[in-house]
Every structure is written in C-alpha cells, then in structure tokens.
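An overview of the molecular structure
Okay, here's what each chain looks like letter by letter:
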Amino acid sequence: MKRKKFLFVIILLFILCMAAAFFAFLRFRGSKVIKVSKEAVNIIPYDDIILFRQDDERWAEDKLGSSDYSMQKSGCLVTCIAAALSMNGETVTPESLNELFSSGGVYDSEGNLQWETLRQLDGGNTFDAEVYPAVSEEILHDCLERGKFPIARVRMRGIGNFHYVLIVKFEDGKYFCMDPLEDELQPLSHYGNRVYAIRCVSIKD
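Residues numbered from 1 in each chain as written. Predicted model: local features only at pLDDT ≥ 70, side-chain atom pairs only at ≥ 80, totals over all residues. Heavy atoms only, no water.

1. A word on the overall build of the chain
Here is the rule we go by: Secondary structure follows DSSP: runs of H or I at least 4 residues long count as helices, runs of E at least 2 residues long count as strands, and numbering of each begins at the N terminus. The classification of residues rests on relative accessible area computed with a 1.4 Å probe and restricted to protein chains. Under 20% of the type maximum is buried, over 50% is exposed, and intermediate values are partly exposed. Only heavy atoms enter the contact rule, under which two residues are in contact if any of them lie within 4.5 Å. All accessibility values rest on the Shrake-Rupley procedure with a 1.4 Å probe; residue burial counts only the protein chains present in the view.
If you tally the helices and strands in the chain, you get six helices and eight strands. Reading the helices (α) and strands (β) of the chain from amino to carboxyl end gives α-β-α-α-α-α-β-α-β-β-β-β-β-β. For the chain, the proportion of its 205 residues judged to be buried stands at 42%. Restricting to contacts in the chain with at least 6 residues of sequence separation, those with at least 24 account for 63%. For the chain, the exposed surface amounts to about 11600 Å²; the carbon and sulfur share of it is 53%.

Spelled out as structure tokens, the structure:
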C-alpha cells in the first residue's frame, strides 16, 4: 500500500512539473531575455522623464477608436507613444494622441493599433513607426543612442498579461522603463528582462 502511495505521489509530481513546464513554454515563447553586454555604456537621452499613466482620470474612460476597450484597460501602447513623442519635443498627451488615432482609423475593432495605418496618417507625413522583426540589446541601444525611445512588449511581473512599457534610459547596467501603470521608473528586470517585441515611434523630421 505504501509503495502505491509513493508511486502515486511521484506520478502526480511529474504531471505537475510537466504542466508547469508547458505553462512556461506557452508564456515565454517568442520572447528573448535581454542580456546586457559588459562593455555597454550609459545612455540617458533625456534628463526629465515624462511619466504618463493610462488610467489617469482625464482620459481613463476614453475608448480606443470604435472598440469597447478603454485607455485604462488597453491604452498602454498609445500612452507609451505619447510619452516618447513628448520627450522628443511634441506637445501631446495620451488623450490628444488617442483622439488623433481614433479619428484617423488607426485602431481596429479590437482596439489594436495598425502600424501601416499609423504610417499613412496625415498622408504619411507625420509618423515614423519602426516595427523590428527581432528583439536584441543592439536594437534597444541603437534607438536610445539616436535619441528615440523603444517601446517593449513585456508581460506584467514577467509572467502575467502582455503589456507595453517605454524604455527611457540605460544606466549602470540596467534598462529603465516608464510603465503606464506605475508612478516610478521600473527596471526591465521587473518584467523578467523578457521582451517579446520592440517598436519605436517618432515624428518625421
């Protein structure tokens, strides 16, 4: 009897380990852990970081286009873009940018931003939108060195729902992010250093 119980426990533990491994595979697939090179130097392209929150009461309930999704629930990406543009000298808020995107048909019916539509907004004369096919430290560094701010797709706390944060500087071996749901900068390690996609939006020169 004891042997049967022991075998049952072993089999149960095996099943639980396999389930955990499968869950991790599903959660982490498509991501890359950003490993910082030892020779990487500090890059702080902007001293006065702008912190916007997607749940700010001034625009929290605004809808993304004609979708049922609000800024508070799904506005992390447009909030990151607004902060990036503001730090590059544009007078813009998440509210005004969302209004522009909504009137320009930049969102689909689910509130997802359509990158090609964004590029063609205003006759294609306004926005540069870089959608990188891969994730790497080199891309993040290149954006920051050009005075641009890369938008990283991460998971909340490293394993939660997808979320967008704005990488605003590299200092002392760490990337720091403006998170639209936080009041202070967060290190990329807050999200497990895992990045699933990189975008960079700026105003054309």
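Now that the structure has been shown, we can carry on.
2. Quick word on helix 6 (residues 137-145)
Buried within helix 6 are the following residues: E137, I139, L140, H141, C143 and L144. Of the residues one or two after helix 6, G147 is the one with positive phi, at around 75 degrees.

3. Examining the pairing of strand 4 (residues 162-171)
For clarity, the cut-off: Here a strand pair is declared whenever DSSP counts at least two bridges between the two strands.
Counted residue by residue, strand 4 has eight buried out of 10 residues, so it is predominantly covered. In this sheet, strand 4 lies alongside strand 3 (residues 151-155) in antiparallel orientation, the contact comprising five bridges. Looking at the pairing, V154 lines up with H163 of strand 4. Relative to strand 5 (residues 174-178), strand 4 is paired through five bridges, and the arrangement is antiparallel. Across the sheet, the residue bridging to E171 is K174, located in strand 5. Hairpin remark: strand 4 followed by strand 5, antiparallel, with two residues in the connecting loop; positive phi at D172, about 55 degrees.

4. Some details on the environment of C177
Checked against the element boundaries, C177 lands in strand 5. Those residues within four positions of C177 in sequence are excluded, and the remaining contacts are V165, L166, I167, L185, Q186, L188 and Y191.

5. Overview of the nonpolar core
Where we set the bar: Think of a nonpolar core as a cluster: buried Ala, Val, Leu, Ile, Met, Phe, Trp, Tyr and Cys residues, connected wherever their side-chain atoms sit within 4.5 Å.
Counting residues in each nonpolar core, the largest one holds 53 residues, and the members touching the most others are I81, L97, F101, L118 and L166. Among the elements that make up this core, the one with the highest residue count is helix 3 (residues 76-87) (10 residues). Apart from residues lying up to four places away in sequence, L97 is in contact with V78, I81, A82, L85, V92 and F127.

6. Observations regarding the confidence of the model for the chain
A low pLDDT score tells you not to read the predicted coordinates there in detail. As a reminder, the rule being used: pLDDT: the predictor's confidence for each residue, scored from 0 to 100.
Chain-level statistics for the chain give a pLDDT mean of 87 and a share of 85% at 70 or above. Scored below 50 in pLDDT, residues 20-26 shows one contact in the model against residues more than four places distant or in partner chains.

7. Overview of helix 4 (residues 94-103)
The test is simple: The directions from the helix axis to the C-beta atoms form the arc being described.
Every buried residue of helix 4 is accounted for by P94, L97, N98 and F101. Buried residues of helix 4 fall within an arc of 100 degrees about the axis and therefore sit on the same side. Buried positions along helix 4 lie against helix 2 (71-74), helix 3, helix 5 (115-120) and strand 2 (127-131). Just downstream of helix 4, G105 is the residue with a positive phi angle, here 70 degrees.

8. Description of the pattern of salt bridges
The test is simple: By salt bridge we mean one thing: a side-chain nitrogen of Lys or Arg within 4 Å of a carboxyl oxygen of Asp or Glu.
All chains considered together, the criterion is met by seven salt bridges. The residue R53 makes a salt bridge to D183 at a minimum N-O spacing of 3.0 Å. Placement of R53 in the loop between strand 1 (32-33) and helix 2 and of D183 in the loop between strand 5 and strand 6 (186-187) is noted, with a sequence separation of 130 residues between them. Among the residues examined, R53 registers a relative accessible area of 22% and is labelled partly exposed. One salt bridge connects E130 with R146, and the closest N-O pair in it is separated by 3.4 Å. You can see E130 sitting in strand 2 and its partner R146 sitting in the loop between helix 6 and strand 3, a full 16 residues away along the chain. Under the relative-accessibility criterion, E130 is labelled partly exposed at 27%. Owing to a relative accessible area of 38%, R146 belongs among the partly exposed residues under this scheme.

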